[in-house]
Each structure stands twice: as C-alpha cells, then as structure tokens.
Amino acid sequence: MKPTMTIHIGADIAALTDDLARLRLTVFREWPYLYHGSEAEEAEYLAELMTSADAICVAARDGSRVIGVSTGMPLKDAHGEFRDPVADFGRDPADVFYCAESVLLPEYRGAGLYRGFFEAREDQARALGCPEAMFCAVDRPPDHPLKPAGAQPLDPVWRRFGYAPVDGLKMWFRWTDVGASEETEKTLQVWGKAL
C-alpha cells in the first residue's frame, strides 16, 4: 500500500502528539542529530507547537500507522530559541514561516514523501502571507567519531527544493547526544527560501 498524507492545522495537531514524539525520538537518534531525548522533553517541546493556531503537521501513514511527520508554524509563534536569532539577524519573525522537523522512518525514504512535507508547509506559509520559509540543521564536524561510514548530507536535497544556507545566521541548542551523560551546545545552520 502506498503511504498517504493528511494535513492537520492548529488544535487538530494534538491527536498526533504521541506519534510526533515517537518519531522524533526515533529519527533524531540517528546521525547527524544523535539526540538522546526523553518523552518528558518531547512533551515540553511539542506543547509550544500546540499553542499556534496556524501550525501545521503533515502526517504520512502506511495504513493506520504514522510513519512520518513534518511540522511548521509562523516563526512569531515559535520558541524564542528559534525566533530570537532570526530577529537579531534583522528579519521580522512575522514574515518567516518556520519549517520545524521532518522525520520519516528509513524504509519510507526516497519515495517523494519528503518533497510532500516541504510543499504542504510552504503552501501553509503562503496562505498565511509569509514571504519566506526557514529551517535549521545541525552542523556536525566531518570527522565526528559517530558519523557512519558513507553518511551523506541532505544539502543537495534541500538545494533542489530551493533552499540555501542563510550566510551568517546560526542557532545554538543544547541536548544530550547518544552515549553522553549531559547536554552540550550544538550549532545549527539556518536555511531559507523566498516564497
């Protein structure tokens, strides 16, 4: 059966909270995020998403099983850690749609679902009058000891979708890596696209 996609806006996203948390904990544990999170941390993070009436969650399903999700919201509604660096950079958060995560189980990658995730979020951004979309991606050193052999960056995919790194715009977040006992700060590069 070919996976299907459904779009959920605002309060409708709440029904997907458990799936969002499960997929984030699963997919972000992989390279390059290496995120060793907890259900409590996920609940706290996702609570912010649930407060935005204009947030979107695109859910990909194989039958009734949610196998991927992608979220986004107006940047003005996002966590300060996302919003403030963009504002400090001179961009009005009211003009930016923040494409948060796109997490898809490995066995479903390469079938066009990722493109669908981006298109749905960009459609929501345009409907809200946001002239720009942005997301951020962790910047790991190429010689990181946990980098798998043959790991390929997603940069070519993002460029094919029309995104490019925003020169000089970075964000910093703390989380615990797989195999670590405490949080460390990570640098994330912001990517953007005019809509």
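Throughout this document, residue positions are counted from 1 along each chain, in the order its sequence is written. The predicted origin of the model limits local features to residues at a pLDDT of at least 70 and limits the giving and counting of side-chain atom pairs to 80 or more, whereas totals for whole chains, interfaces and linings rest on all residues. Derived side-chain values reflect all non-hydrogen atoms in the structure, with water molecules and hydrogen atoms excluded from consideration.

1. Examining the nonpolar core
Here, nonpolar core means buried Ala, Val, Leu, Ile, Met, Phe, Trp, Tyr and Cys residues that are tied together by side-chain atoms lying within 4.5 Å of each other. When accessible area is computed with a 1.4 Å probe and restricted to protein chains, residues below 20% of their type maximum are described as buried, those above 50% as exposed, and intermediate ones as partly exposed. Formed by 60 residues in total, the largest nonpolar core has its most connected members in V69, F82, W158, Y163 and M171. If one sorts the elements of this core by residue count, strand β4 (residues 96–104) sits on top with 7 residues. With residues up to four places along the chain from it excluded, the contact list for W158 reads Y114, F118, F135, A137, Y163 and W191. Helix numbering and strand numbering both begin at the N terminus, where a helix is a DSSP run of H or I of at least 4 residues and a strand a DSSP run of E of at least 2. Here, residues are in contact when the closest pair of their heavy atoms is within 4.5 Å.

2. A short note on the side chain of Q189
Relative to the helices and strands, Q189 resides in strand β7 (residues 183–194). The class for Q189 is buried, based on a relative accessible area of 14%. Only 3.0 Å separates the side chain of Q189 from the backbone oxygen of V166, close enough to count as a polar contact. Not counting residues up to four positions away in its chain, the partners in contact with Q189 are F135, C136, A137, P165, V166, L169 and K170. The definition of a polar contact used here is a pair of N or O atoms within 3.5 Å, where within protein one atom must be able to donate a hydrogen and the other to accept one, and adjacent residues in sequence count solely through side-chain atom pairs.

3. With respect to the environment of M5
Positionally, M5 belongs in strand β1 (residues 4–9). The class of M5 is partly exposed, set by a relative accessible area of 33%. Sequence-wise, M5 and F97 are 92 residues apart; in three dimensions their C-alpha atoms are separated by 21 Å. If sequence neighbours within four positions are ignored, M5 has contacts with V58, A59, A60, L113, G116 and F117.

4. Some remarks on the packing of helix α1 (residues 17–27) against helix α2 (residues 39–50)
Here, axes are lines fitted to C-alpha atoms. For helices the fit covers the stretch in contact, and angles between N-to-C directions go from 0 to 180 degrees. Direction vectors running N to C along α1 and α2 enclose 125 degrees, while the axes themselves pass 10 Å from each other. By the angle between their axes, α1 is oblique relative to α2. Where α1 crosses over α2, the handedness of that crossing is right-handed. Between α1 and α2, the contacting residues are T17, L20, A21, R24 and L25 on the first element and E39, E42, Y45, L46, L49 and M50 on the second. Taken together, the residues of the contact of α1 with α2 sort by class into 7 nonpolar, 1 polar and 3 charged. An angle below 35 degrees is read as roughly parallel, one above 145 as roughly antiparallel, one from 65 to 115 as roughly perpendicular, and any other as oblique. The sense of a crossing depends on the near helix, which, turned anticlockwise from the far helix by less than a right angle, makes the crossing left-handed and, turned clockwise, makes it right-handed. The residue classification treats Ala, Val, Leu, Ile, Met, Phe, Trp, Tyr, Cys and Pro as nonpolar and Asp, Glu, Lys and Arg as charged. All others, Gly included, are polar.

5. A look at α2
Working rule for helices: expected span equals 1.5 Å times residues minus one. For α2, spanning 12 residues, the distance from its first C-alpha to its last is 16 Å, which sits close to the expected 16 Å at 1.5 Å a residue. All of the buried residues in α2 are E42, Y45, L46 and L49. Down the axis of α2, the buried side of the element spans an arc of 95 degrees, and every buried residue falls inside it. Turned more than 90 degrees from where α2 packs its buried face, A40 and E44 sit exposed. Starting at the helix axis, one direction is taken to each C-beta atom, and the arc is that of these directions.

6. Points about helix α4 (residues 113–127)
Between its first and last C-alpha, α4 extends 21 Å over 15 residues, near the 21 Å set by a 1.5 Å rise per residue. For α4, the full list of buried residues reads L113, Y114, G116, F117, F118, A120, R121, E122, Q124 and A125. One or two positions beyond α4, positive phi appears at G129, with a value near 80 degrees.

7. Examining the side chain of R140
With respect to the element layout, R140 can be found in the loop between β5 (132–138) and α5 (155–160). There is a polar contact of 2.7 Å between the side chain of R140 and the backbone oxygen of P32. Polar contacts involving the side chain of R140 include one to the main-chain carbonyl oxygen of Y33, which spans 2.7 Å.

8. Digging into the pattern of salt bridges
The working definition used for a salt bridge is a side-chain nitrogen of Lys or Arg within 4 Å of a carboxyl oxygen of Asp or Glu. Considering all chains together, one arrives at 14 salt bridges under this definition. In this structure, E132 engages R91 in a salt bridge whose closest nitrogen and oxygen atoms are separated by 2.8 Å. Of this pair, E132 sits in strand β5 while R91 sits in the loop between α3 (80–88) and β4, and the two are 41 residues apart along the sequence. Take R91: its relative accessible area is 29%, and that puts it in the partly exposed class.

9. Some thoughts on the pairing of strand β3 (residues 65–74)
Residues in a regular strand point their side chains to alternate faces of the sheet. In terms of residue burial, β3 counts as a mostly covered element, since 9 of its 10 residues are buried. Both strand β2 (residues 56–62) and β3 contribute to a ladder of 7 bridges, which runs antiparallel. Within the sheet, the bridge partner assigned to D62 lies in β3 and is R65. Paired strands, in this sense, are two strands between which DSSP finds at least two bridges. Linking β2 back to β3 in an antiparallel pair, the connection comprises 2 residues, with G63 at a positive phi of about 70 degrees. Of the strand pairs in this sheet, β3 and β4 are connected by 6 bridges, and their pairing is antiparallel. Along β4, the bridge assignment pairs G68 with L104.

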